[in-house]
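Chains, contacts and geometry: an overview
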Amino acid sequence: MRPESVYTKLQRIAQQAANFPERVFTTLVHLIDEEFLIEAYHRIRKNAAPGIDGMTAEEYGLNLEKNVSDLLERMKSGKYRASPVKKVRIEKEDGSIRELGICQFEDKVAQKAVAMILNAIYEQDFYDFSYGFRPERSAHQCLRHLRNNCMQKNINWIVDLDICGFFDNLDRNHLREIIKLRVNDGGLLRLIGKWLKAGILDGENLSYTSKGTIQGGTISPILANIYLHTVMDKWYVEQIKPKLGEQSCVVRFADDRAPRTRKRSFKVLEAIG
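**Some thoughts on unusual backbone geometry**
- Positive phi, close to 60°, is recorded for Glu136, a residue that is not glycine.
- Unlike most non-glycine residues, Asn154 shows phi in positive territory, near 55°.
- Here Asn154 lies in the loop between α6 (139–153) and β3 (157–164).

**Considering helix α8 (residues 172–180)**
- Every buried residue of α8 is accounted for by Arg172, Leu175, Ile178 and Ile179. The arc that holds every buried residue of α8, seen down its axis, measures 120°, which confines them to one face.
- Where α8 is buried, its residues contact α5 (105–122), α9 (186–196) and α10 (220–244).
- Near the N-terminus of α8, the side chain that reaches the backbone nitrogen of Asn173, with its oxygen 3.0 Å away, is that of Asp171.

**Description of the pattern of salt bridges**
- Under the criterion given, the structure shown has eleven salt bridges.
- Measuring nitrogen to oxygen at the nearest pair gives 2.3 Å for the salt bridge that ties Arg74 to Glu106. In this pair, Arg74 is assigned in helix α4 (residues 64–77) and Glu106 in helix α5, connecting sequence segments 32 residues apart.
- For Glu177, the salt bridge identified is with Lys180, shortest N-O distance 3.8 Å. One end of the pair is Glu177 and the other is Lys180, both in helix α8 and three residues apart, which spans about a single turn.
- Accessibility expressed as a relative area gives 45% for Glu177, which makes it partly exposed.
- Residue Lys180 is classed as partly exposed on the basis of its relative accessible area, which comes to 28%.

**With respect to the sheet that holds strand β2 (residues 97–102)**
- The mixed open sheet is built from four strands, whose spatial order is β2-β1-β4-β5. Single-partner strands in this sheet number two, and they are β2 and β5 (205–207). Neighbour-to-neighbour, the strand axes of this sheet turn through a mean angle of 35°, independent of strand direction.
- By the bridge criterion, two bridges tie strand β1 (residues 85–91) to strand β4 (residues 200–202) in an arrangement that is parallel. Along β4, the bridge assignment pairs Val85 with Ile200.

**Focus on the layout of surface pockets**
- Roughly 1100 Å³ of internal volume is contained in the largest pocket.
- Arg43, Lys112, Gly217, Thr218 and Pro221 are, among the 33 residues lining the largest pocket, the residues nearest its centre.
- Those elements that provide at least two residues to the lining of the largest pocket are α1 (6–19), β1, β2, α5 and α10.
- Here the lining of the largest pocket takes six residues from α5, the largest share from any one element.
- Of the residues that constitute the lining of the largest pocket, the class distribution is 17 nonpolar, eight polar and eight charged.

**Structural notes on the confidence of the model for the protein**
- Put simply, the protein has an average pLDDT of 89, and 92% of its residues get 70 or more.
- Averaged pLDDT values over the elements of the protein bottom out at 63 in strand β7 (residues 265–272) and peak at 98 in α5.
- Within the model, the stretch residues 257–263 combines pLDDT values under 50 with 14 contacts to residues more than four positions away or in other chains.

**Structural notes on the state of the cysteines**
- This model, assessed by the stated rule, comprises zero disulfides.
- Looking at Cys142, it has no disulfide partner, and the nearest cysteine sulfur is the one in Cys249, 10.0 Å off.
- According to the relative accessible area criterion, Cys142 is buried, its value standing at 3%.

**As for the packing of α8 against α10**
- Where α8 contacts α10, the two axes come as close as 10 Å, and the packing angle between them is 80°. When the axis of α8 is compared with that of α10, the two are roughly perpendicular. Packed against α8, whose contacting residues are His174, Leu175, Ile178 and Ile179, the element α10 presents Leu223, Ile226, Tyr227, Thr230 and Val231 at the interface.
- Partitioned by chemical class, the residues of the contact of α8 with α10 number seven nonpolar, two polar and no charged.

Cut-off values and rules
Residues numbered from 1 in each chain as written. Predicted model: local features only at pLDDT ≥ 70, side-chain atom pairs only at ≥ 80, totals over all residues. Heavy atoms only, no water. Helix = DSSP H or I, 4+ residues; strand = E, 2+ residues; numbered from the N terminus. Buried < 20%, exposed > 50% of the residue type's maximum accessible area, 1.4 Å probe, protein only. Arc of directions from axis to C-beta. Contact = heavy atoms within 4.5 Å. Polar contact = N/O pair within 3.5 Å; in protein donor to acceptor, adjacent residues only side chain to side chain. Salt bridge = Lys/Arg side-chain N within 4 Å of Asp/Glu carboxyl O. Pairing = 2+ DSSP bridges. Axes fitted to C-alpha atoms, helices over the stretch in contact; angles between N-to-C directions. 1 Å grid on protein atoms, 1.4 Å probe; cavity = no way out; pocket = protein on both sides within 12 Å on 5 of 7 lines; lining within 4 Å. Points joined across faces, edges and corners; volume = space filled by probe spheres on them. Nonpolar A, V, L, I, M, F, W, Y, C, P; charged D, E, K, R; others polar. pLDDT = per-residue confidence, 0-100. Disulfide = S-S within 2.5 Å. Parallel < 35°, antiparallel > 145°, perpendicular 65-115°, else oblique.

Pasting the structure below:
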């Protein structure tokens, strides 16, 4: 019997998540094999700067099968260790400084594999008004969604809110408990914990923080959306919208270019008739 393809695995997970919205997934990490990691490699942007080991995507790909085989063995045996995130500063056109975090490429591959699994599940749960960092969704679609709602519902007021510095201040304990409501796989949770606690290397100074998620990590967008889906989107749908009625809507998207704060932020537009 031929092994199940990556596409088939993800489709099967997505179908189960869609059919059973209350299901808690407990056995997922075993789905990550060499083929899965190779697919994760191909889904990563290749022109990103290297992490603290200096390894580029091109160099990693020269011996791809051996590299992912070694990575997989360490992930399964518990020997895998997440490397610190390299902190860099980039000068913007307006003269301000933007701080970025760059993960080691191997960590990006592992993170991407886990993100693929989480996306397959949570894309079935996320609301249609959520547009930030989601596959096949854009800012133009977000604006169209807002415009259509304003026209159809005769909206008179729009409240524009920014959640600034979200990635730096996310509560990790709450995030873990939120994930466990839908994905309670010990292997995946341990991997996520390693990335969150990896530390930040700023020049020669290594520091650790008890809050926030990995700046520049390929796992960060889905972790952010899982958190905000639970604490904000569901709160609006279940508690606020019933009070305001159908003459209101929310649209959420992500903006990582805010010039005043120079921090990644999530933007929320609440339209009220």
